[in-house]
Every structure is written in C-alpha cells, then in structure tokens.
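Remarks on the overall topology
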Amino acid sequence: MALSGMRGLSVFISDIRNCQNKEQERLRVDKELGNVRTRFKNEKGLTPYEKKKYVWKMLYIYMLGYDVDFGHMEAVSLISAPKYPEKQVGYIVTSCLLNENHDFLRLAINTVRTDIIGRNETFQCLALTMVGNIGGREFAESLAPDVQKLLISSSCRPLVRKKAALCLLRLYRKNPDVVNVDGWSDRMAQLLDERDLGVLTSSMSLLVALVSNNHDAYWSCLPKCVKILERLARNQDVPQEYTYYGIPTPWLQVKTMRALQYFPTIEDPNTRRSLFEVLQRILMGTDVVKNVNKNNASHAVLFEALALVMHLDAEKEMMSQCVALLGKFIAVREPNIRYLGLENMTRMLMVADVQDIIKRHQAQIITSLKDPDISIRRRALDLLYGMCDVSNAKDIVEELLQYLSSADFAMREELSLKAAILAEKFAPDLSWYVDVILQLIDKAGDFVSDDIWFRVVQFVTNNEDLQPYAATKAREYLDKPAIHETMVKVSAYILGEYSHLLARRPGCSPKDIFAIIHEKLPTVSTSTIPILLSTYAKILMHTEPVDPELQNQIWAIFSKYESCIDVEIQQRAVEYFALSRKGADLKDILAEMPKFPERQSALLKKAEDAEVDTAEQSALKLRAQQQTSNALVVTDQRPANGTPYVGQLGLVKVPGSANADHNLQNQGLAQENGTLSKIDPQSVVPSADLLGDLLGPLAIEGPPAVPTEPHGIIASEGDPNPADALALAPVDEQTNSVQPIGNIAERFYALCLKDSGVLYEDPYIQIGIKAEWRAHHGRLVLFLGNKNTSPLVSVQALILPPSHLKMELSLVPETIPPRAQVQCPLEVMNLCPSRDVAVLDFSYKFGTSPVNAKLRLPAVLNKFLHPISVSAEDFFPQWRSLSGPPLKLQEVVRGVRPMPLPEMSNLFNSLRLMVCPGLDPNANNLIASTTFYSESTRAMLCLVRIETDPADRTQLRMTVASGDPTLTFELKEFIKEHLITIPTVTPSPVAAPAPAPQVAQPMTALTDPGAMLAGLF
C-alpha cells in the first residue's frame, strides 16, 4: 500500500508507536476514532484524498485489535471510485472489515461485477481478490458466470485467469451449484492444456475440489493430469521462476497427485504405465540432503507419490521399493523425516502383501521407541502394533514390556492396552499370555484398565489346564514386598479359586496362602476388600480337614467387617460368616466358578474397531493422539443423549414417580453453587444367587459396579411405594465420597474481583483459573492439576453458558496423568448485559470413586467493564443527557454493610469502576465511571453516583445511568449485591443425634441445565 504523502496517517502511526503503555495507546486511538467519526458526519466536505486517508487509519486501528463499528459505508463507497488509489483502498479495507454476511456488501455487488467484466485488468484483479477472500452465497449466485468467462477467456492475461480460478474455487465451496457439472467437465479438461504454470496450478486447485465431490464427471481430466506429471518429471518447458531448489513446481505436482487419488482406478493400460513411470522416477530421484528447503519440497512430492502408489495398488516390486525408501527415512537424524517415514509406513500396512517387507525394518522401528521426541515414539508404537502377527508377536510384546518401565506416563496407558491386545490376539499358548498380563500389571498397574485383568480371569476360569500354572504365578507375585493393588485383586481371585491345586507344594498350604494374602489387606482400598473376603471364604471352604486356628482367624475378620460402613463389604462379611458355619453345605454354596460363556473380548473388539478405519481416518486419529494419550483406552463414556449404557449401571437410590412431585414441592433449599452433587446411596439388595456379588466384578465386557458409602436415610417414612425407591442409575451420578478443600463460594467471590486463583480443590485435583479480558472478549485458562501419583480418569467438563455469553471450551483430555497439569483454554464472548453466571459441570474418577462438581465460572458482568476517568466537562453533559428511567435509575439501598468511604472506593475499583474525586461537591458522595463492552452495546459509558448518610452507614442512595436500559438495570443490581452481600464461610452442620428422613432430589435437577442453574442461586 502506497502511503507516501499521507502525513496525517504517518503521524498517527508514529504516535501509536511512541505510546508508553496500553492505556496511552487506547486514549490515542479513541481520540483518532472520534476525529474520524466527526469528519465522516460531514462527508460532503471530504475530498477523495481525505476519505482515503481516514479509511487507511480505520484499517490500521482494526489491525491493532480495536473494534471499528463505523465507517463501513465510506469504505464500500470507495470501491466505485474511478481512480486506482481510492479503489485499491476500498477493496482492501472492505475485505478486512466486513464478512460475507454483512449487509453493506450487497451494495457493492454491482460495482464489483462492473470491474470484473470491464477492460481494466488491474480493477479485475482487485475485484477477484476481494471476492476470493470474502465472497459468500450471494456473490456466488451473482458473479460466478462472469468469473467463469474470465477463466476460460483466451484474451485475458494469465494473472487475471489465475485469480479467476481461485475466486471460482471460493465460490464453489460456498455454493457448489454455481459450477454446472455437464458443461464444465470439458472446459476443465481444456484448462489442463494450459502452458502457463501459474494458471495451471490455480486450475488444479479447482479440479481437486471438483473431483472430491464428483469424480465421475471428470474422467476426461485423468489422462491430462498424467501428462502434466510427465511434463514436470522430465522438467520440460518449466520456467526458472517455477523451479524451487531444482524441483519443477512442487506445488503443482502435489496437487495433481492429490487429484488422481480421487479416481477409483486407472483403466487405460497406457495411462497407467505412464503414471507408474513418473512415480518410479520420483521414488528414485528423492534423497535426503542438507538443504532444509529442498528437503521439504522433495519430500512433499515424495509422500504424495507414496499415497498415490498405495491408492493405485501398484505392483509388489514398486511397493517394496516404497518400503525400502521409508526404511531409509526412519533411520536418518532429522526428526521430521523420521516421523513422516513412520507415519507413511503405518499407512502402508493397509496394503496387502507388504507386511512381510515392513518386518525387515523391525529393529529400527523398535529403536524409534527410545527416540527423544514423543510424537516419534507414538508413531513407532502404532507401527509395531499394526505390523504384529503370530510370527513376531513374542518379540514385539517383549520389547513393549521392556519399554514399559521407561516409557512416559502419557504413553503407558495406551502402551499397556496395546500390549494386552497383542498378547491375547497372537498368543502361542495361554501360559505365555498369563505371563505377559501379570508382567504388565506388575510394571504398570496404575495404567492397566480393569478389562485387562477381567480377561485373564475369564481365560483361567475357562481352561482347566491353565489353572495350576496361573495359581503358581499368582503365588510368586505375592511374595514380592510391594505389588500394585490390581495384582492383589487378580492374585487373590485366582488363589481363592485354585489354591487347593497347589496344596501339596511347599509354602502353598491354606494357612500359608491366607497369611500371604492377608498381609496385603492393610494396603488396599475399599474396592479390593470384598474380593479378599471372597478369597478367605473360598480358602476356608477348600481346607480339609478344617483347621480350627485358620477358621478362627477368618471368622474374626468376618466379624470385624460386619459393622463396616461400606455396604458391599458389610454384606459380604455378614453372609460369608453365616455361610461358613454351615459345615459341609459350604462346599455346595461356594462351589468353584462355572465357565464363562464364550463371547467376544472387549479388548479385541476395540482392536477390530481400530483396524477398520481408512488410511485418512487413521492419519487423523494419529494426529489427535498427540494431544491425548488415551486413544484406545477402554473407559466408560457418558453418552451424549444422557441414556446410560448397560455396563455403566449400578444400584443407587432415585425417587420413584409416585413421590417425584412431592419432592419438587418440598425442595425448600436450593443447592449452593459449587458444592459436590450428591445422591443418597442405597444399600445393596442381596441377590438370589449368593455368588452374584462375586461374579459381578468379573464381567469381562464392562467395569464392576462401584460400591457406595451411605450418607443418609434410605427411604422416607410413609413412602407410598417403598419398592420404587430402588432403581438403576448411571454410576457417574452416584454419591461423591470426596469433599472439597476450602469454601467454594469464597473462592468464586475472590475470582470475581481478580483474574487468577484457585476455583476448586479436593484431595485429588486442583482447578485453577487465569483470565484475560479485552473489550467484550475474554480468555480463561483452566488449569487441571492432578495432585496424586495415580491418574485421574473419565475426566469430563461441560460448560452450561447463560444466554448472554457465547463460550467455547477446548478439548479436555479424558485422563490426567499423575502429578501432571493440563491447560484447557475457554473463549468467552459477551453478547449483552446480564448478571447470569455460567456453570462448569466437572467430573472425574479417582480409582473407582466418581466425583462431580458444579462450579460457577467468574465470567461475571464486571469482567466486561473498563474503568475510565472522566472530567467535569465530560461528566455533567452526559449525566444531564441521560434523564430519567429507563436510562437512569435511582434506588435507596438499605441493609448495606457499614464501611467508610475509602473502603467503598476500593470496592468500586476492584469492580472496575473508577472513582472520580472532586466531581461531587458533597464529600460524603462518590461518583464513578466505567465503560461496558458487549456485542450488542459495543462500548457504552456508564456513570454511577452514591450518596451516603454519615449518620447511618447502613443505607445509601444509588443512581446509575447509561445509554442502554438493560445495562442500567443490570449494573445497578450488580453493584447493590456487592454492597449488601458479605461472602462468609458456610459453617459445618452440627451432627444431630437423630437425623430426620431426607427426601431424595429428583434426577432431573442434576441433568437439566435449567434446573441446575436455578439451583445455584
């Protein structure tokens, strides 16, 4: 842009650069915007030079990040100027300031069309550039025929035709109907005969878009594309300016090969042979050199050629050559090339008869597992997983187990699952499978999902020959001084069922087995104790003859847990204690577990789902896995429509239909915001099958039901339908056993007055916030910190925004590794003034304990205020112009907490209201001013006057004025709340000697956003 001679513009830019801080810059910008607005009001007195200068200033202010909400008509009007300098300004500024849906663009359509069909090539280029940048559906319907004529015109210069091709591409993407398939297939083929490489490159971009939607109509373009590749591969008639580091126009080569991949196959043998010759030349002529730019260009062409070779299902010899070339790339020092080599070798696995060739590079791929770059390690893991079969499964799984000890925490969960899938899928014998899974649990117990050890139990139960071996291995692992809790679970279960098969071996008597298992009892959580109690009952049943000492020890344990607060543990202890006194009948009751019915493994089903992905979908999944490490983790997902899966159901109390209305009427106290949502747990009803609870955790297809702790009364007295008090509800909505640290309400109020701090904290997680606010936009970063040495799983975050806020939360990982912190940006846009508050519905699992918290987010009204100082000359005219309701509201506020004027001034400053001293002659009064930003009001000046009574500090008169009635009311109520409300710590309730029956809240209050928001205030 030629700015020479515009002294005013140069001075303004210089002033902006010389500003010492942001406040000075904003004041200078506001002054200039006021000047431009004043000059535009008297448009008749503006010369074309002045209008051009002021529009340039508007563009510069917009580029600095400030909103420019006026002058759009002046910018659009410059498009119709007869001279190039004014027309250039009009097109550039319109392209930057307006979007495709702006009403002013309709006024410019005719002028733009006149420039496109005119004879001035410079004007044509300006018009095509603007349409290509912001053209919408209306532009497409009005201008597409004229743009097409320019593209196929032989009288236009290549510069214009290039822009016409890209402009038509934009219009086609907005409205595909603008390109008539029947008439354009032949014209597209003619465009591919173009000798000018600039026009050809632009036309090829258009062809890629066309064939991606309908390749059948453009078969005539296929041989032309092959001829273009031949011309470029032989470097025939390629001008020097289109040769990049010795490579003839690499961009055109890539686009041409991309277009060929949309055709299913190439039937013509001559065309197919010519194409393979070109691809062979590309494969042979690409090598790694020291020049980075040449490497990037040559490898872009090479990897597109590899994708085309895979698409065409080339001969085995060429496929072998591709694999050999990729094998060279995964061994070079440059990490980007290694990454691309591993990624494309993974895609090559989709092609038949290539896996054996890829196996030759197995050693180098395993070496890539130790690469410093985690993205390369992930690609190596995916490649090893894909190339594994019966012949190399042992080697690959052993390497993965070795690597597991030194792998990053971010990879261990995925690594463990893939090793378990490979061990099950390609196990040479079941004993090797048991060895692998037990090693997996021993080395990475925190990252082994329950589905893995469930599957081992199923295999051992269904194979009698495997049972003694599995029991022996479980006994050996229990000898270790420190083992993971998952190992305790699987070992206890196996030894409880099959330890009697080892009775004659030294150190394997029932008393020895009981002693070594009982040593682990103090170290396990409440979810494991029920399995140990079942194991004790099984050991007692298998002991022949009865050992009185062992019997008394086990009975003492059962008696101890008969009064346990955990319902699951209490029920098992009571039942096992009663059953163990039945003597010979005990063997019939606690008989050996029957075989599981044959069904598909949950792990193998997961693997099959991953294998049916196409190459492009796999590539997208690989890229997505760089952000989260749980791509294949078997966890329970909460369905989007709120309907729970069968595997997620557990027994908890929910209100029946008979008393739902009664509960709604008697729900006197609203739920305080930020407190953990709770549902009264229900004691577990004993099933008819005495082993039902033992079998429950062994369901291979889903996780065990999570035992809950009772926190209240099971049912109300006088319940008209007591049987209806039990129902199935999602486990995710069961009672929280975790209480927050500190007062959540106080944390929220503190964050309303500052921009960083802790929003929520409990023993497992800390949620912090750091916010930045600019005009009506805000950016909050949620810091999710795992405080423990175990991962937090099933992490979910849902934003429930009020109607006046537009909020977008970035991806939240499902798993937070131990001692790790995850950052989740949240974008906020304020649409209109309101005091409603957004809610963060946050949930996670620690072990088997689900936790859910509803948290208010500090995106409140004062965050969109910007304090501004006003002088007496500015204040009084504005105050008088805003006369009376609804723009000026006055209220006598009573019940104000007493505070001196300096303290009230500090409170106003923290609310982003600037106190302006000296404006009110009464020393007991305050005047404050601020600017409120929203999409509807833009920048709106707000004025506040507080009149206090020195004799009674508990009341005052407040007057609020602004140019928007809603803003005036909302700001008045917001200030009144902070003058009256005193955030205090909620005292802990004193335990009553006899708690009254509680009425359970209906489930809709926990799932309906409207009900949830209503309960927060």
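Residues numbered from 1 in each chain as written. Predicted model: local features only at pLDDT ≥ 70, side-chain atom pairs only at ≥ 80, totals over all residues. Heavy atoms only, no water.

1. A few points about the overall build of the chain
Helix and strand counts for the chain come out as 41 helices and 18 strands. Within the chain, contacts between residues separated by at least 24 positions form 71% of all contacts whose residues are at least 6 apart in sequence. Accessible surface, the chain: about 46,300 Å² in total, of which carbon and sulfur atoms supply 52%. (Helix = DSSP H or I, 4+ residues; strand = E, 2+ residues; numbered from the N terminus. Contact = heavy atoms within 4.5 Å. Areas by Shrake-Rupley, 256 points an atom, 1.4 Å probe, with all protein chains shown as cover.)

2. Remarks on the environment of Phe577
The residue Phe577 is located in helix α30 (residues 567-579) in this model. Residue Phe577 is classed as buried on the basis of its relative accessible area of 15%. Here the alpha-carbon distance between Phe577 and Glu562, two residues 15 residues apart in the chain, equals 8.7 Å. With near-sequence residues (within four places) excluded, Phe577 lies in contact with Trp555, Phe558 and Glu562. (Buried < 20%, exposed > 50% of the residue type's maximum accessible area, 1.4 Å probe, protein only.)

3. Let's talk about the pattern of salt bridges
Under the defined criterion, the tally for this structure stands at 47 salt bridges. Ionic pairing is found between Lys787 and Glu761, a salt bridge with its closest N-O pair at 2.9 Å. Here Lys787 is found in the loop between β7 (777-786) and β8 (793-800), whereas its partner Glu761 is found in strand β5 (residues 756-761), with 26 residues between them in sequence. Taking the shortest distance from any N to any O, the salt bridge between Lys854 and Asp841 comes out at 3.7 Å. (Salt bridge = Lys/Arg side-chain N within 4 Å of Asp/Glu carboxyl O.)

4. A short note on the packing of helix α17 (residues 335-348) against helix α20 (residues 374-387)
To characterise two packed helices, one gives the angle between the axes of the helices and the distance between these axes. The N-to-C vectors of α17 and α20 enclose an angle of 20 degrees; their axes lie 9 Å apart at closest approach. The angle between the axes of α17 and α20 places the two elements in the roughly parallel class. In this structure, α17 crosses over α20, and the sense of that crossing is left-handed. Along the contact surface, α17 presents Pro335, Arg338, Tyr339, Leu342, Glu343, Met345 and Thr346, while α20 presents Ser375, Ile376, Arg379, Ala380 and Leu383. Here the residues of the contact of α17 with α20 are counted per class, giving 7 nonpolar, 2 polar and 3 charged. (Axes fitted to C-alpha atoms, helices over the stretch in contact; angles between N-to-C directions. Parallel < 35°, antiparallel > 145°, perpendicular 65-115°, else oblique. Left-handed = near helix turned anticlockwise from the far one by under 90°. Nonpolar A, V, L, I, M, F, W, Y, C, P; charged D, E, K, R; others polar.)

5. Focus: the sheet that holds β8
Hydrogen bonds along the backbone pair up the strands of a sheet, which may run parallel or antiparallel. Ordered by their spatial adjacency, 3 strands build an open sheet running β8-β11-β12, and the pairing between neighbours is antiparallel. Unpaired on one side and paired on the other, β8 and β12 (849-856) mark the two borders of the sheet. Across this sheet, the average inter-strand angle for adjacent strands is 10 degrees, counted without regard to direction. Relative to β12, strand β11 (residues 839-846) runs antiparallel, the two sharing 8 bridges. (Pairing = 2+ DSSP bridges.)

6. Section: the pairing of strand β10 (residues 821-830)
Direction of pairing for β7 relative to β10: antiparallel, over a ladder of 9 bridges. From the neighbouring strand, Gly785 faces β10, where its bridge partner is Gln821. As paired elements, strand β9 (residues 805-809) and β10 share 5 bridges and run antiparallel to each other. Residue pairing in the sheet places Leu809 in a bridge with Leu826 of β10.

7. Let's talk about the sheet that holds β9
Strand order in the open sheet formed by 5 strands is β5-β6-β7-β10-β9, and the pairing between neighbours is antiparallel. What marks the edges here is a single partner per strand, and that holds for β5 and β9. Neighbouring strand axes in the sheet, compared pairwise and without regard to direction, differ in orientation by 25 degrees on average. Of the pairings in the sheet, the one linking strand β6 (residues 765-774) to β7 comprises 10 bridges and is antiparallel in character. Paired with Ile767 across the strands is Leu784, a residue of β7.

8. Thoughts on the packing of aromatic side chains
On inspection of all chains with the given rule, the structure shows 18 aromatic pairs. Ring geometry for Phe303 versus Phe329: centroids 6.0 Å apart, planes at 65 degrees, classification edge-to-face. Here the residue Phe303 occupies a position in helix α15 (residues 292-312), and Phe329 occupies one in helix α16 (residues 316-329), the gap between them amounting to 26 residues. Residue class for Phe329 comes out buried when judged on its relative accessible area of 1%. (Phe/Tyr/Trp six-rings, centres within 6.5 Å; stacked < 30°, edge-to-face > 60°.)

9. Observations concerning the packing of helix α12 (residues 221-233) against helix α13 (residues 250-260)
At their nearest, the axes of α12 and α13 sit 10 Å apart, and the two run at 150 degrees to each other. Considering the angle they form, α12 stands roughly antiparallel to α13. In this structure, the crossing between α12 and α13 has a hand that is left-handed. Of α13, the residues touching α12 (which contributes Leu222, Cys225, Val226, Ile228, Leu229 and Leu232) are Leu252, Gln253, Thr256, Met257 and Leu260. Tallied by class, residues from the contact of α12 with α13 come to 9 nonpolar, 2 polar and no charged.

10. A closer look at the nonpolar core
The biggest cluster of nonpolar side chains holds 219 residues, and the ones touching the most others in it are Val112, Leu207, Tyr218, Ile358, Ile517, Leu533 and Tyr536. Dropping the residues within four chain positions of it, Tyr536 is found in contact with Phe514, Ile517, His518, Leu521, Ile554, Ile557 and Phe558. With 67 residues, the next largest nonpolar core counts Val738, Leu751, Leu926 and Leu967 among its residues. (Core = buried A, V, L, I, M, F, W, Y, C linked by side-chain atoms within 4.5 Å.)

11. Points about a negative patch on the surface
A grouping of Asp313, Glu315, Glu317 and Asp353 is seen on the molecular surface, where their side chains present a negatively charged patch. Among the secondary structure elements, Glu315 is positioned in the loop between α15 and α16. (Patch = residues over 30% accessible without salt bridge, like charges linked within 9 Å, V, L, I, M, F, W, Y side chains within 5 Å. Lys, Arg positive; Asp, Glu negative; His and termini not counted. Charge placed at Lys NZ, Arg CZ, Asp CG, Glu CD.)

12. Overview of the environment of Lys174
Secondary-structure assignment places Lys174 in helix α9 (residues 158-174). Classification of Lys174 by relative accessible area gives partly exposed; the value is 28%. When the C-alpha atoms of Lys174 and Gly136 are compared, they prove to be 6.1 Å apart, with 38 residues separating the residues in sequence. Not counting chain neighbours up to four residues away, the residues in contact with Lys174 comprise Glu100, Gly135, Gly136 and Arg137. Of the polar contacts made by the side chain of Lys174, one reaches the side chain of Glu100; its length is 2.7 Å. (Polar contact = N/O pair within 3.5 Å; in protein donor to acceptor, adjacent residues only side chain to side chain.)

13. Describing helix α29 (residues 548-561)
End to end, α29 covers 20 Å across 14 residues, agreeing with the expected 20 Å (1.5 Å per residue, within 8%). When α29 is considered as a whole, its buried residues turn out to be Leu550, Gln551, Ile554, Trp555, Ile557, Phe558 and Tyr561. Viewed end-on, α29 has its buried residues packed into an arc of 155 degrees, placing them on one side of the element. α29 presents Pro548 and Lys560 as exposed residues on the side facing more than 90 degrees away from its buried surface. Where α29 is buried, its residues contact α27 (510-518), α28 (529-542) and α30. (Expected span 1.5 Å × (residues − 1). Arc of directions from axis to C-beta.)

14. Overview of α9
The terminal C-alpha atoms of α9, which comprises 17 residues, lie 25 Å apart, in line with the 24 Å expected from a rise of 1.5 Å per residue. Looking only at α9, the buried set comprises Val160, Arg161, Ala164, Ala165, Cys167, Leu168, Leu169, Leu171 and Tyr172. In this fold, the buried residues of α9 make contact with α7 (121-134), α8 (137-152), α10 (181-191) and α11 (197-213).

15. Remarks on the state of the cysteines
In total, this model carries 0 disulfides according to the counting rule given. Residue Cys221 stays outside any disulfide, its sulfur separated by 6.2 Å from that of Cys225, the closest cysteine. Taking relative accessible area as the criterion, Cys221 reaches 0% and is therefore assigned buried. (Disulfide = S-S within 2.5 Å.)

16. A look at unusual backbone geometry
Phi is positive for Tyr245, close to 50 degrees, though the residue is something other than glycine. Residue classification places Tyr245 among the partly exposed residues on the basis of a relative accessible area of 38%. Backbone geometry places Arg912, a non-glycine residue, at a positive phi of 70 degrees. With respect to the helices and strands, the residue Arg912 is situated in the loop between α38 (901-910) and β15 (914-915). A relative accessible area of 18% places Arg912 in the buried class.

17. Considering the pairing of strand β18 (residues 952-962)
In this sheet, β18 lies alongside strand β14 (residues 888-894) in antiparallel orientation, the contact comprising 7 bridges. Looking at β18, one finds that Lys888 is bridged to Ala961. Bridge analysis of strand β17 (residues 938-949) against β18 gives 8 bridges, and the strand direction is antiparallel. Each bridged residue has a counterpart across the sheet, and for Thr948 the counterpart in β18 is Leu956. Between β17 and β18, which pair antiparallel in sequence order, lie 2 residues.

18. Description of the environment of Ile868
Tracing the chain through its elements places Ile868 in the loop between β13 (865-867) and α37 (872-881). For the pair Ile868 and Cys942, spaced 74 residues apart in the sequence, the C-alpha separation amounts to 9.5 Å. Beyond its immediate chain neighbours, meaning those up to four positions away, Ile868 contacts Met914, Ser929, Thr930, Thr931 and Leu941.

19. Regarding the confidence of the model for the chain
Confidence along the chain averages 78 in pLDDT terms, with 82% of residues attaining 70 or more. Highest mean pLDDT in the chain belongs to α13 (92); lowest belongs to strand β3 (residues 649-653) (27). Across residues 611-735, confidence stays below pLDDT 50; counting only partners more than four residues off in sequence or on other chains, it has 248 contacts. Note on residues 982-1017: pLDDT is under 50 here. Beyond four places in sequence and across chains, it has 59 contacts. (pLDDT = per-residue confidence, 0-100.)

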